[in-house]
Every structure is written in C-alpha cells, then in structure tokens.
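Structure assessment
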Amino acid sequence: MENGSNKWNFQQEEGELNKASPITVRGILNMLVANINKDEDRPVVPLGHGDPSIFPIFRTAPEAEDAIVDALKSAKFNCYSPTNGLLAARRAIAEYLSSDLPYNLSPDDVYITLGCVQAIEVMLSALARPGANILLPKPGFPYYECRAACSNLEVRHYDLLPEQGWEVDLEAVEALSDEKTVAIVIINPGNPCGSVYTAQHLEKIADMARKLRILVIADEVYQHLTFGSTPFVPMGKFESIAPVVTLGSISKRWIVPGWRLGWIVTNDQNGILQTSGLTKNISSCLDVTTDPATFIQGAIPDMIEKTKDDFFSKIVDILRVSADICYNKLREIPCISCPSKPEGSMFVMVKLDVSLLDGICDDLEFCLKIAKEESVIIMPGVALGMKNWLRITFAIEPSVLEDGLKRLKAFYQRHAKKQ
Amino acid sequence: MEKKTKWGFQGNKELSSTAVSVRGVLNKLMRNINENDERPVVTLARTDPSAFPCFRTTPFAPNAITDAVQSFQFNCYPPNVGLASARRAIADYLSRNLSYQLSPENVYLSVGGTQAIEIIISVLARPGANILLPRPGYPQYESRAAFDRLEVRHFDLLPENAWEVDLEAVEKLADDNTVAMVIINPGSPCGNVFTRQHLEKIAETARKHGIFVISDEAYAGQAFGSNPFVPMAEFGSIVPVITLGSISKLWMVPGWRLGWIVTSDSDDILKNTGFVECVNSYLEISADPPTFLQAALPGIFEKTKNEFFSNILDVLREDANICYDRVNEIPCLTCPHKPEGSMTVMVRLNLSLLEGIKDDMDFCLKLAEEESVTVLPGFVVGLKNWLRITFAIDPASLDDGLRRIKAFYKRHAKK
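What comes next is a walk through the structure. (Residues numbered from 1 in each chain as written. Chains lettered and ligands numbered in written order. Predicted model: local features only at pLDDT ≥ 70, side-chain atom pairs only at ≥ 80, totals over all residues. Heavy atoms only, no water.)

**Details of helix H4 (residues 87–98) of chain A**
- Here H4(A) spans 16 Å end to end across 12 residues, near enough to the 16 Å set by a 1.5 Å rise per residue.
- Ala89(A), Arg90(A), Ala92(A), Ile93(A), Ala94(A), Tyr96(A), Leu97(A) and Ser98(A) are the residues of H4(A) that are buried. (Helix = DSSP H or I, 4+ residues; strand = E, 2+ residues; numbered from the N terminus. Expected span 1.5 Å × (residues − 1). Buried < 20%, exposed > 50% of the residue type's maximum accessible area, 1.4 Å probe, protein only.)

What follows is the structure, encoded as structure tokens:
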C-alpha cells in the first residue's frame, strides 16, 4: 500500500486553529521576541512578563534552595504523592495562610497543584457545567479565558475602573450575572494593574457574591507583594459572607516560578463548598491529572518555616524602588499615561495615546516596533482585554529597568507626531 | 432578576463518575487491614519500589538536581516544549536503542508519564472519535479518556500467546473514527515483552486502518528475560509512532514526575494531520515540569552508571523468579506467562477451588484482612477474577507475602 494514498483518521479540523492557538502571555511574548533585531548588540529588556528570577538581586532565599536539596537527599520523597498533596506540605500551607486569617485552615482545605496554572485549570474544570458562565476581570490574566474555553465555560467580562484604583465595577458585575453564573474571579494584588484592594472593597465584593449566590475565586498569587499604603488582605477573611476559593503559589513571593508549586484553598467554614459537591470535583480532577514532584512538596514545610522575614522585606523593597522608577519615568513620556500608581504585584497598566504617534496605529504595533527597534519587550493590552493600553513589569533589576525606560522614551521621541 | 436562594455553583456530576482508580481500590484494601496484626504489611497491589533500599535510585540523580537548583539558573519559567538541553538529552538517550537518530524537535517534556497520557488523550479527543486500548491495561487511559469524552474500545491481550495483541480484534474494532491504538511495552500489567516481529505486525495493522500507534514505554529498559526490548519507534517508517516514557521506573523515582512524548514519523504524517500543532498548543496552556528538573536531565542520563541498571534488573529477575515459583505452588492461582519485564504480573484466580470467596475483589479484601497482604483485583485493569501482583519489592518481603497468600489459600480451599 503506498504511503501517499493512506488516509489517517486523525485530522485537525478547519477553524480548529482558533481554539488550538489561544491568546496566552507566552504566545504573545514569543511573537514579540521573534521580532527582535538579531543584529542588535544591546541586551533585551524584558518588561513583558513577571519573572525576575534571572536577576541576581532577586535570587530566592538560600533556605528555599536548601529545603529542596535536603528533601532530595533524604530519599524519602522519591515515591508517588497522595492525590491532594503530601500531608506535611498541606499542613504547612494551611498554617502559613491561616496567619493572615481570623480562623484556622485545615490541611484538608488545601489542594496542592502544579503552580497556580494548574490551580486555575482544575478550578475551572470543576466548575464547568453546560450553560454555566463565569465572571472575569477586564483587563485580566488571559489564562483564565483560555481555560474557560477548554472547559466550555462561558466567559463574561466585568470592568476594572482605572480612575478608581482599578476596583471592580460592582454594578457591572450585578448586571452581567444571571442564574447560570457560577463564580467571579478577582486577582488581588492585581495583575495586570498593580492594584491592591482595601478590606472595604473586598467586603463589598463578598456582599455582591452573596447576593448573586456565586463563588469568589481569589487569585492571590501575588499575596504579600505590596509596597504601597494599602496592606494585603486575603479574600478568605470574608468567607462567612460568601464562600471563597483562594489560588496561590510559591512562584512570586519566593521568586521561583520554575519550581511549579501552587495550591487551591477552600475557605469555607460553613461547608457550603463541601455540600455542593465542588470539593469532591476538585479531588476528582486532581485524580486524573499529574502532580508536582513529591520532593518539592516535601521541601515546603522547611521552605515556609525557615525563610527569613528579611528575604521577603528585601524583595518588597526592591519592588517599591522599581515601581517608583517606573512610575516616574513613565510620566516623562507624553504618549503614556498612568491612571493609578502601582501598589503591588509586579505590573502596571498604562494607557497609550496613539494620536501622539506617527505611523503606529495600536498597542500591538507599538510593541512589535519597540521590540524591533529598541529590543524592549512590553505586553500589549489587547492581549489582556484592553486595546491601546500597555502592561509593563517593573520587577527587574533597577538599572535594567532604567535602561529600558530610557529606550522607551527614545522610541517615543523617534515616533512622536511632528507638531 | 429574582433572588437565588441556592448557590449557583454545583459539583460537576459527570466528573465524579469517572474512574475506578488504582488509588481508590488500594485505599479500600488498606482500610481492611487488621490493625492488630503485628506482621508488616506486604503491598503487592501498587507499583512504587522507591521505598525499598534495594531499589534506591543512584546518587548521581539527586546530585544532578542539586547542582541545577544551586546553580540559580533554573528558577525561571521553562519553554513550553521543554528546555533544549533536556530535549536533546532525551533524543540522544532514546536513540541508543534505535537504528536512527531522533531529533530534539521530536521530543516534548511532560510532568511524568501521567501528564504525557493526559496530553495525548486530550489532543486526540474530538467528537465521534474513538481510541483502542488493551485489556488488561493501565486504568489511567480509561479515566482520562472518560474525562475528555473520547470513546474507548478494548482489544484483548492473549494470555495463552504471551499476552500478545489480538490483532484480529483490532481489525474488527477499528473504523474511520479510530484515531489511535495504545500498546504498553514492556507490558503493564502483564509483565510481557513484545517480540520485534509482533511489533512490526502491530505497525502494519495500524497503518492499514489509518491509526497512530501510541507506545507506552514507561518500563523501557526493564526487560530482564530472554526477549530484548525493542522500541516501537523502530517502525516509525511504517506508521506514525508516539512514544511515551519517563525516568520514573528506570531510575526508581516515580515521585519526580519527569516524562516525555516523542514522535517518530518518517513521513511527517503527524505534522501534516495537525497533530504536532495540537500538541504544541496544548503544551502552551498546560503546566510544565520544574525547570531545574529538566536542566538536571542531561546530567542524570550521562552520569548514571550501567551497573546501577544491571543491579536493578538482577533484583527484578530474582523477584520474577520468586513470584512465578511461589504462584505455581498455589493451586487456585495460574500464571499463564512468566514475567519477563516491567514490575507486575497477571495471575488467573480459580474461584471454583475456593470456599466462600465470590470474586477477585472479595479475595483481595479478605486477604488484606487476614494476612496483611494487598494485591490488586484484576477488574481494575479490565480482567475480572484475575489478580495483578507487583513483584518489584525486596525479595524477602515478596517471598513472605506469597507464602501468606498460600496460607490464605489453604484456609479457604474447598474441601
């Protein structure tokens, strides 16, 4: 039988390409990086994504590295781990998170996942039902949209209000929801906006969720990375008003995104999530998916216990300095305006006024050109739901940040519309 | 809008109905163990040899990881498809057993064999499609297929024929919607190793029906009998082959979760049909193995001495002998094919020789209770009234466990 005439039963369908190539931060970054001029000598300034781990000043705590090495050497963690995660790790995470809460989490409230990414995957799979919809912030983190599409969960976007510190537009939330709405996702501290919500605002969100009878999914991957006047308050504090599921990981606070260890935590003293069958679903999903390496789980107790407070405060200090540099330098660039100074996370969202530019029609074109001409990578807001905005990370070595912002200014000057 | 009184989210009922899982049944058996029995529990129901000193991994492996962690260069996000150095190391390593050189481009890193299965099943699942799975088999395939709504059709492995694939059954089951067939070689749960000739026939049958071959080679390199292990990728010129593998079994580190998917396909069919693109897209949105673990892989492959592997094989061979010999002394158990690879063997249970035991699950529950020995009832892997016995434990405990099974038989033998 000839090769050429063979028919193969697997065939990617027409139009499947859209589903097959979702917008992801990684995807857009790859596209921008591909545009960089290969002959350019200057190093690339990565202002497009939140991964400061490559810079020596952001190196993770030695206690964290030691914890991993010890776990490996013990040879006690070469085995499979239980579905929801090693008990010792779950207990350590429960205690760690409880220190910010008015009640104590149990290890059974903790489910260990492969980074926050898998936490999102599992939560959305667990919630998906025919006809259900979920409320996501705009601008937001596109992975939620991606995963919702995979699970056939309808997405409805509510606005974050730039002139109000990027707070949730609660009226929009109420207008959007109906009897098929299952949950609202909030990201606090905020990605991409750099906002940190007050306790009052979080309580209002909880009140609204209760009124609408929906779950609050609080993405707190940037927990405690706040450097402004508003302290971090966990959404779990308001679980008596509406059930809260918290997603988090060690990636950002410990600056180890490559280690892939995260969690789903149910804040549910009234057992509502249990009764609804949702906690069982979370376990069922985890049963059919892979887990983080057992030795990394095994390292968690030591990592949490032994990492010193000055490591955390050092990181926050660097972020504070960088955020200031970023905010101040951006103000010198006429085509860019920043409605709200960042107070947390690793990002700031700024508005781009293309009318002040020649030959650049939107944010994507801006980002493609600046990658090519200045070897600076910036995330276009269209990828996050807001066209003609830009997401800039300040979580890089301050001198590199200064260089990048200088190049940004030079780019503006080169493309400024002549008056 | 009228105020809802009920909470809007409810458990997704379909999810809860998936899977009989090994973990689930194991938990039931363990709960049946008599707490007052002072003898150590002998677990022949689950495959995780990492706990036994005779199977401890080579120190080179954790050292390679420690070096990667302490180098500080690998705390960052990894690329979707995996670190280039890891892909290259896997391509080189697997090519040692092949008559041609694999390219790193054909290698995708996954979080263990488990995620490799997840990725492949998810990519193949589409409305109306079906996949052919072996029976007995490895239940994660069924679980994942159910979760992704991919229809499953089972073909038998033939116990009287060294557990070879029933190719006639494959021909009957395959239709235009069959996208792929899965083989597990060396075999789990049967402990067999397919001959080169048989693999070639499988390739030809698959090609005839337009289906891809997924070769689960988690136990590659663990053939300790007379049949050498032949990778299915050898036949990539006949049919597109998707090989799944990991370091879990060969290095005795299932908890490390580091695996791979490798495509072997000399006519670029996997590319032309869009399969490769779909895999890439899936990897873009799924979690990855830790970067430092990937970075350690070249060191792990390079530095592990051959003696480490041959020592392991010696222990497994000894275990397989003990297992086969002891099972032959127990009249209600028949082992149709002496294990020659992997870590488990399938044994038929003859209930007619027993009193008061109604099926394989009942046998296993009572055995756990009376003798503190666990074996897996065959229904979990698709063969009711068979047993799956894991022999990959330390030889002395294996011997003890099998003697206790013999005692159990005597106590329950029909007069």
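**Quick word on the sheet that holds strand S10 (residues 333–334) of chain B**
All names here are of chain B.
- The five strands are arranged S1-S12-S13-S11-S10 in an open sheet whose pairing can be described as mixed. Single-partner strands in this sheet number two, and they are strand S1 (42–44) and S10.
- Looking at chain direction, strand S12 (residues 373–377) and strand S13 (residues 386–390) are connected through two bridges and run antiparallel. By the bridge assignment, leucine 376 is partnered in S13 with arginine 388.
- In the packing of helix H2 (residues 22–31) onto the sheet, the strands contacted are S12 and S13, and the crossing angle to S12 comes to about 145 degrees. (Pairing = 2+ DSSP bridges. Contact = heavy atoms within 4.5 Å. Axes fitted to C-alpha atoms, helices over the stretch in contact; angles between N-to-C directions.)

**Focus: the packing of aromatic side chains**
- The tally for this structure, following the rule as stated, stands at 25 aromatic pairs over all chains.
- Pairing Phe295(A) with Trp256(B) gives two aromatic rings, centres 5.8 Å apart and planes at 75 degrees, and the pair type is edge-to-face. A residue pair is termed interchain when its members come from two chains, as with Phe295(A) in helix H11 (residues 294–306) and Trp256(B) in the loop between strand S8 (241–246) and strand S9 (259–264).
- Owing to a relative accessible area of 0%, Phe295(A) belongs among the buried residues under this scheme.
- Arg87(B) extends its terminal NZ or CZ atom over the ring of Tyr108(B), reaching a point 5.9 Å from the ring centre. (Phe/Tyr/Trp six-rings, centres within 6.5 Å; stacked < 30°, edge-to-face > 60°. Lys NZ or Arg CZ within 6 Å of the ring centre and 35° of its normal.)

**Some thoughts on the pattern of salt bridges**
- Tallied over the full model, the rule gives 40 salt bridges over all chains.
- Residues joined by salt bridges that share partners form a network here, namely Glu40(A), Arg42(A), Glu373(A), Glu374(A) and Arg414(A). (Salt bridge = Lys/Arg side-chain N within 4 Å of Asp/Glu carboxyl O.)

**Description of H11(A)**
- Compared with the 18 Å implied by 1.5 Å per residue over 13 residues, the 19 Å span of H11(A) between its first and last C-alpha is a close match.
- A bend of about 35 degrees at Ile300(A) is the largest found in H11(A), and the proline Pro301(A) appears one to four places after it.
- Those residues of H11(A) that are buried are in contact with helix H3 (62–74), H4 and strand S2 (110–113) of chain A together with helix H3 (60–71) and helix H11 (291–303) of chain B. (Bend = angle between axes of the 7 residues up to and from the residue.)

**Description of the nonpolar core**
- Ranked by internal contacts, the top residues of the largest apolar core, which has 308 residues, are Phe295(A), Leu124(B), Met181(B), Trp251(B) and Phe363(B).
- Of the residues forming this core, the biggest block, 11 residues, is contributed by helix H12 (residues 309–331) of chain A. (Core = buried A, V, L, I, M, F, W, Y, C linked by side-chain atoms within 4.5 Å.)

**Overview of the interface of chain B and chain A**
- Between chain B and chain A, the residue contacts involve 83 residues of the former and 92 residues of the latter.
- Across the chain B to chain A interface the summed buried area is about 7300 Å²; carbon plus sulfur atoms make up 55%.
- Put simply, chain B and chain A have three salt bridges between them.
- A salt bridge links Asp288(B) to Arg260(A); its shortest N-O distance comes to 2.9 Å.
- Run the count over chain B and chain A and you get 28 residue pairs in polar contact (both at pLDDT 80 or more).
- Each residue belonging to the side of chain B that touches chain A can be placed in one class, and the counts come to 35 nonpolar, 29 polar and 19 charged. (Buried area = accessible area lost by both parts, 1.4 Å probe. Polar contact = N/O pair within 3.5 Å; in protein donor to acceptor, adjacent residues only side chain to side chain. Nonpolar A, V, L, I, M, F, W, Y, C, P; charged D, E, K, R; others polar.)

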